[in-house]
2 protein chains.
Amino acid sequence: MAENEKTLGGMLREARELKKLSLREVEVKSGISNAYLSQLENDKIKKPSANTLYKLGDLYNITFDELMVSAGIIEQSSEQRNKNVHYAFSSDNLSQEEEQALIDYLKFLRYQQKDAK
Amino acid sequence: MAENEKTLGGMLREARELKKLSLREVEVKSGISNAYLSQLENDKIKKPSANTLYKLGDLYNITFDELMVSAGIIEQSSEQRNKNVHYAFSSDNLSQEEEQALIDYLKFLRYQQKDAK
DNA sequence: ACAAGTTGCTAATTATATCAAGCAATATTA
DNA sequence: TAATATTGCTTGATATAATTAGCAACTTGT
């Protein structure tokens, strides 16, 4: 239950694309070679170092724990789940306008949901 | 700054001795070879895997962050780091569907932004 | 159409984490 | 004292993380 379908590679690729960065841009920002990044995103690496995982989590604003979970290193505990904030949204990920737009959109979503019920 | 006097090896050895365990006992409990444990405690390993670090932290009841810090992987605890980042949305806050909808909407926003440029 | 750049990727190589075997020193017990 | 475990450790072998160099498919600009 609560099977985390997302692989490590899948998460990393999704996060990178969300930021609209190429592998070579991430290489510059993280110091990790684009070749290796490609392997990571295609799930060809089984046990990345804590270093690597940390750098990418930092860059993509994914919590380290979340990466550890999808890398199969730890299992999601409810304790951690409470602490976890979702990787997709963080303050340096979003411009003011985007943040406001998303908040508005969230309100809209919930407004709809309420009606549907 | 914030020189952490303690090395990774130092911490691991101290923790093990506190529990009065031999390297071979830790080997059995953790699945990490005593040879490698010895190298770890003597600071001969530069970048242990997230796996290894996690297992030992678990066994010794050392927080993972603490080990990461003494391994030189992070400077401050990631707990601290997470506080520095203001997250607009937490996972407690969002259902899976909402999350996905917001991600899609964010992609849409950025697609527009790109054209405007 | 062509040149120049960008993209993600792979094969080959290097670096290093990790393990298996065994050694010397100390502890234990007969 | 001798025999036997138990200790931490080193060396050599293996697995795999991570890099360098380069290739083919696309874009972009001229």
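Everything below is about the structure printed above this text.
The rules we used
- Per chain, residue numbering runs from 1 following the sequence as it is written.
- By the order in which they are written, chains take letters starting at A while ligands take numbers starting at 1.
- Selection of residues for local features in this predicted model requires a pLDDT of at least 70, selection of side-chain atom pairs for listing and counting requires 80 or more, and totals for whole chains, interfaces and linings are taken over all residues.
- Calculated side-chain values reflect all of the structure's heavy atoms, with hydrogen atoms and water omitted.
- Secondary structure elements follow DSSP: runs of H or I of four or more residues count as helices, runs of E of two or more count as strands, with numbering from the N terminus.
- Only protein chains enter the accessibility calculation, which uses a 1.4 Å probe; a residue whose area is less than 20% of its type maximum is buried, one above 50% is exposed, and one in between is partly exposed.
- Between two residues, a contact is recorded if the distance between any of their heavy atoms is within 4.5 Å.
- All accessibility values rest on the Shrake-Rupley procedure with a 1.4 Å probe; residue burial counts only the protein chains present in the view.
- We call a residue near a molecule or strand whenever a single non-hydrogen atom of that residue lies within 4 Å of it.
- Counted as a polar contact is a pair of N or O atoms within 3.5 Å, where, for protein atoms, one must be capable of donating a hydrogen and the other of accepting one, and residues adjacent in sequence contribute only when both atoms are in side chains.
- Ten residues, namely Ala, Val, Leu, Ile, Met, Phe, Trp, Tyr, Cys and Pro, are considered nonpolar, four, namely Asp, Glu, Lys and Arg, are considered charged, and the remaining ones, Gly among them, are considered polar.
- Think of the arc as the fan of directions from the helix axis to the C-beta atoms.
- In this analysis, axes come from line fits to C-alpha atoms, helices being fitted only over the stretch in contact, and the angle between any two N-to-C directions falls in the range 0 to 180 degrees.
- Handedness of each helix crossing follows the sense of rotation of the near helix against the far helix: counterclockwise by less than a right angle gives left-handed, clockwise gives right-handed.

### Focus: the overall build of chain A
- Looking only at helices and strands, chain A has seven helices and zero strands in total.
- Each helix (α) and strand (β) of chain A, taken in turn from the N terminus, gives the series α-α-α-α-α-α-α.
- Counting the 117 residues in chain A, one finds 46% classified as buried.
- Restricting to contacts in chain A with at least 6 residues of sequence separation, those with at least 24 account for 53%.
- A total accessible area of about 6600 Å² is found for chain A, and carbon and sulfur atoms account for 47% of it.

### Side note on the protein's contact with DNA strand C
- As a matter of local geometry, DNA strand C sits amid 23 residues, with Arg13, Asn34 and Lys44 of chain A together with Tyr36 and Lys47 of chain B nearest to it.
- Of all DNA strand C atoms lying within 4 Å of any protein atom, the proportion belonging to sugar or phosphate reaches 63%.
- Contacts to DNA strand C include lysine 44 of chain A, whose side-chain N or O atom sits 2.5 Å from a phosphate oxygen.
- Separating a phosphate oxygen of DNA strand C from a side-chain N or O atom of serine 49 of chain B is a distance of 2.8 Å.
- Those elements that provide at least two residues to the surface near DNA strand C are α1 (8-18), α2 (23-30) and α3 (34-41) of chain A together with α3 (34-41) of chain B.
- Class assignment of the residues belonging to the surface near DNA strand C gives a composition of seven nonpolar, nine polar and seven charged.

### What to know about the side chain of serine 30 of chain A
Residue and element names in this part refer to chain A.
- Structurally, serine 30 can be placed in helix α2.
- According to the relative accessible area criterion, serine 30 is buried, its value standing at 10%.
- Side-chain polar atoms of serine 30 contact the backbone nitrogen of isoleucine 32, separated by 3.1 Å.
- Aside from chain neighbours lying at most four places away, what touches serine 30 is Lys55, Leu56 and Leu59.

### Some remarks on helix α4 (residues 50-60) of chain A
All names here are of chain A.
- Within α4, nine of the eleven residues are buried, which leaves it mostly tucked inside the rest of the structure.
- Among the residues of α4, those classed as buried are Ala50, Asn51, Thr52, Leu53, Tyr54, Leu56, Gly57, Leu59 and Tyr60.
- One or two steps after α4, the chain reaches asparagine 61, where phi turns positive at roughly 60°.

### Here's the deal with the protein's contact with DNA strand D
- Around DNA strand D, the structure places 23 residues, and the nearest of them are Tyr36 of chain A together with Arg13, Arg16, Asn34 and Lys44 of chain B.
- When atoms of DNA strand D within 4 Å of the protein are split into backbone and base, the sugar-phosphate part holds 65%.
- Arginine 13 of chain B places a polar side-chain atom, nitrogen or oxygen, 2.6 Å from a phosphate oxygen of DNA strand D.
- Elements represented by at least two residues in the surface near DNA strand D include exactly α3 of chain A together with α1 (8-18), α2 (23-30) and α3 of chain B.
- Grouping the constituent residues of the surface near DNA strand D by class yields seven nonpolar, nine polar and seven charged.

### Re α2 of chain A
All names here are of chain A.
- Within the span of α2, buried status applies to Leu23, Val26 and Ser30. Down the axis of α2, the smallest arc covering the buried residues is 60°, so these residues share one side. Residues of α2 that are exposed and point more than 90 degrees away from the buried face comprise Arg24 and Val28.
- On its buried face, α2 is in contact with α1, α3 and α4.
- Where α2 ends, the next residue or the one after it, glycine 31, has phi of about 80°, a positive value.

### Points about the packing of α1 of chain B against helix α4 (residues 50-60) of chain B
Residues and elements named next belong to chain B.
- At their nearest, the axes of α1 and α4 sit 10 Å apart, and the two run at 35° to each other. Where α1 crosses over α4, the two elements pack in a sense that is left-handed. On α4, the residues touching Leu8, Leu12, Ala15 and Arg16 of α1 are Leu53, Leu56 and Tyr60.
- Along the lines of polarity and charge, the residues of the contact of α1 with α4 split into six nonpolar, no polar and one charged.

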